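Structural features, examined
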Amino acid sequence: MIDILYFAWVRERIGLPRERVETQAATVSDLVAELSAREERYALAFADLASLRVALDQELASFDAPLAGVREVAFFPPMTGG
Amino acid sequence: MRLSVQSDAFSLGAESEAFAAAVPGAGAVVTFTGLVRDNGGALAAMEIEHYPGMTERAIGAMMDQARARWALVDALVIHRHGRLKAGEAIMMVATAAPHRADAFAAAEFLMDYLKSRAPFWKKEIGADGAEWVAAKDEDEAALTRW
């Protein structure tokens, strides 16, 4: 089981802030493909990966990063702090 | 070093004074404050979302890097989240160092990293609706100078 968190417009498009999923996905990209295949709203949120960032256990990562041992995955747009 | 991620407003004056009063050996204190722009009167409010846990972790790591890189006596970061009105202070950075060059550089470094590596997202709420603020290419480019 893995916790998936969504922030900002990703959260709005998918319609929920977090969910727990059962997945065999090996990498972030595999997980994205799995989620996108589920429902239209996921496919829309993940349509352009260049406009998304991902964090694995609260550290920024790349979409080809492996998911082995990861407990929390977060998807969000580029950050706008400060 | 102190980091506070909070929804409450803070007093720039009180925070700056308290910070500057407890920096033994410092000869320079630099503070930066970010305000909610009113966009010529078009902005009603700004909503700031963040990623609790990662926010503290990411900013803590930036502060550790700043301390490793410059001769800092102390550093402070306050960043708000939630709903803010135009003109309100969003965040502040303060740095103290023996000499001003280190205090200025560390403050700029922290600001550049906070802009695009701290997990905050701003949404502008105006009369015609709400819109997420897009990240700027120049903010990303600013990181290359460090």
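Here the residue numbering is sequential within each chain, running from 1 through the sequence in written order. Going through the entries in the order they are written, you letter the chains from A and number the ligands from 1. Per-residue local features of the predicted model are confined to residues with pLDDT of at least 70, and side-chain atom pairs are confined, for both listing and counting, to 80 or more; whole-chain, interface and lining totals are unaffected and use all residues.

With respect to the overall build of chain A
Definition in use: Secondary structure elements are defined from DSSP: runs of H or I of at least 4 residues count as helices, runs of E of at least 2 residues count as strands, and each element is numbered from the N terminus. Whether a residue is buried, exposed or partly exposed is read from the other C-beta atoms within 10 Å of its own C-beta, which are placed from the backbone; 20 or more gives buried, 12 or fewer gives exposed, and intermediate counts give partly exposed. For the purpose of contact definition, each residue receives a C-beta atom placed from its backbone, and two residues are in contact when these atoms lie within 7 Å.
For chain A, the helix and strand inventory stands at three helices and five strands. Start at the N end of chain A and walk to the C end: the helices and strands fall as β-α-β-α-α-β-β-β. Dimensions of chain A, computed from C-alpha atoms along their principal axes, come out at roughly 35 × 30 × 20 Å. Of all 82 residues assigned to chain A, the portion counted as buried reaches 27%. Across chain A, every contact between residues at least 6 apart in sequence was considered, and the portion connecting residues at least 24 apart equals 53%.

Focus on the packing of helix H2 (residues 54-69) of chain B against helix H3 (residues 100-117) of chain B
Residue and element names in this part refer to chain B. The test is simple: Note on geometry: axes are lines fitted to C-alpha atoms, helical ones only across the stretch in contact, with angles between N-to-C directions running from 0 to 180 degrees. In this scheme, roughly parallel covers angles under 35 degrees and roughly antiparallel covers those over 145, while 65 to 115 is roughly perpendicular and the rest are oblique. Crossing handedness follows the turn of the near helix against the far one: under a right angle anticlockwise gives a left-handed crossing, and clockwise gives a right-handed one. In this count, Pro and Cys sit with the nonpolar residues alongside Ala, Val, Leu, Ile, Met, Phe, Trp and Tyr, while Asp, Glu, Lys and Arg are called charged and the others, Gly among them, polar.
Look at H2 against H3: their axes get within 10 Å of each other, and the N-to-C directions meet at 155 degrees. One finds that H2 runs roughly antiparallel with respect to H3. The hand of the H2/H3 crossing is right-handed. Only Ala-106, Phe-109, Leu-110, Tyr-113, Leu-114 and Arg-117 of H3 make contact with H2, whose side of the interface consists of Ala-58, Ile-59, Met-62 and Ala-66. When the residues that make up the contact of H2 with H3 are grouped by side-chain class, the tally is nine nonpolar, no polar and one charged.

A short note on the sheet that holds strand E8 (residues 129-132) of chain B
Sheet strands pair via backbone hydrogen bonds, and the direction of the pair is either parallel or antiparallel. Residue and element names in this part refer to chain B. Under the convention used in this document: For two strands to be treated as a pair, DSSP must find no fewer than two bridges joining them.
Read across the open sheet, the four strands follow the order E5-E3-E7-E8; overall the sheet is antiparallel. Of all the strands in the sheet, the pair left with one neighbour each is strand E5 (82-85) and E8. Strand-to-strand, the axes of this sheet are offset by a mean angle of 25 degrees, without reference to chain direction. Across seven bridges, strand E3 (residues 43-50) lies against strand E7 (residues 120-126) in antiparallel orientation. In the sheet register, Leu-43 faces E7, and the bridge partner there is Gly-126.

Any link to function would need more than the numbers given here.
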